[in-house]
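Overview (structure and organization)
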Amino acid sequence: MTVPGAPVTSDWLALREPADAAARGSELADRLSRWLQGRPGPHVIRDLGCGTGSMGRWLAGRLPAPQLWLLHDRDPALVDIAVAGLPADVAAEPRVGDVTALDATQLAGTAVVTASALLDLLTADEVERLAAACAAAGCAALLALSVTGRVMLTPADPLDAAFAAAFDAHQRRTVDGRRLLGPDAPPAAAAAFGRHGVSVVRAPSPWRLGSADGPLIEQWLRGWLAAACEQRPALVAEVEAYLDRRLAAIARGELRVVIGHADLLALPEVPS
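Residues numbered from 1 in each chain as written. Predicted model: local features only at pLDDT ≥ 70, side-chain atom pairs only at ≥ 80, totals over all residues. Heavy atoms only, no water.

1. Focus on the packing of helix H8 (residues 214–231) against helix H9 (residues 236–251)
Note the following rule: To obtain each axis, a line is fitted to C-alpha atoms, and for helices this fit is confined to the stretch in contact; angles are then taken between N-to-C directions over 0 to 180 degrees. For the purposes of this entry, the term helix denotes a DSSP run of H or I that reaches at least four residues, the term strand denotes a run of E that reaches at least two, and both are numbered from the N terminus. When an angle is under 35 degrees it counts as roughly parallel; over 145 it counts as roughly antiparallel; between 65 and 115 it counts as roughly perpendicular; any other value is oblique. Two residues form a contact once any of their heavy atoms are found within 4.5 Å. Polar here means any residue other than Ala, Val, Leu, Ile, Met, Phe, Trp, Tyr, Cys and Pro, which are nonpolar, and Asp, Glu, Lys and Arg, which are charged; Gly is therefore polar.
Across the interface, H8 lies against H9 with an axial gap of 11 Å and an inter-helix angle of 170°. Taken together, H8 and H9 sit at an angle that is classed as roughly antiparallel. For the pair formed by H8 and H9, the contact residues are Gly214, Ile217, Glu218, Leu221, Arg222, Trp224, Leu225 and Cys229 on the first element and Val236, Val239, Tyr242, Leu243, Arg246, Leu247 and Ile250 on the second. Tallied by class, residues from the contact of H8 with H9 come to eleven nonpolar, one polar and three charged.

This is the structure in structure tokens:
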């Protein structure tokens, strides 16, 4: 996904895609599929912050046909990859622009708004506007893989808690006047949809990474530590030795990491 202040690369998105697919909750996708059965097709699905299209590749086959995916992202190169990467039997169109600017008028005719790893990069006002727009347009929302702030590394290290706290603070930082929700996003989004009369179901979707995930763990770890040190510069004095210990554990196949995420499904009532 890309939103203001949050550049990502296609290499990183490709590396994390299998972990994302394993973490997302199929129960919520099944609930969404049943909800769509009550609506005429084709089903218009807007994927916000689509990145390279991993959500579409995971979700399209779980929903009834026919479908039209509108793939939204600020990065046109990523949108092109996403359009080309969706299943051949799914129609897809690019939408390049700011995903935080959508309103109910633009969502008219949309059956589902979906996103992956996006909510924690938004502000409280942006989440409120998204919930209001979805409710007014009568569309469902499946919002997956929002960080919760829970990180558990095994074996433990005395510095884990300090780096985790600094990272969480970084997730809640202010960027160009926008205070990001970070780990507060899942409950904030659930409350926002509830205020607009939309029922919400939440499910945990943690990454559970082990010896087979060494490259992903390493890249995640480097980014996690960089963000923590940016937020709390005093940690810079500790980071090299800590990273060396963790990289050695990865090389031995010993490091296990659980990274907390939450999925949210908001379902308006189907008109009778």
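What follows continues from the structure just given.
2. A closer look at the environment of Glu240
The residue Glu240 is located in helix H9 in this model. For the pair Glu240 and Leu225, spaced 15 residues apart in the sequence, the C-alpha separation amounts to 9.8 Å.

3. Thoughts on unusual backbone geometry
The peptide bond linking Gly41 to Pro42 adopts the cis configuration, its omega dihedral lying at 0°. Turning to its location among the elements, Pro42 is positioned in the loop between helix H2 (26–36) and strand E1 (43–48). Backbone torsion omega between Thr154 and Pro155 reads 5°, so that peptide bond is classified as cis. Along the chain, the position of Pro155 falls in the loop between strand E5 (140–154) and helix H6 (160–171). One non-glycine residue with positive phi stands out, namely Ala117, at about 55°.

4. Here we look at the packing of aromatic side chains
The line we're drawing: Classification of ring pairs uses Phe, Tyr and Trp, with its six-membered ring standing for Trp, and accepts pairs whose centres are within 6.5 Å; under 30 degrees between planes counts as stacked, over 60 as edge-to-face, and the remaining range as tilted. With a 1.4 Å probe rolled over the protein chains alone, any residue whose accessible area is under 20% of its type maximum counts as buried; one over 50% counts as exposed, and the rest are partly exposed.
Evaluation of the coordinates by the stated rule reveals four aromatic pairs. Pairing Phe163 with Tyr242 gives two aromatic rings, centres 4.7 Å apart and planes at 45°, and the pair type is tilted. Placement of Phe163 in helix H6 and of Tyr242 in helix H9 is noted, with a sequence separation of 79 residues between them. With a relative accessible area of 0%, Phe163 lands in the buried category. Among the aromatic residues, those joined into a ring-pair cluster are Phe163, Trp220, Trp224 and Tyr242.

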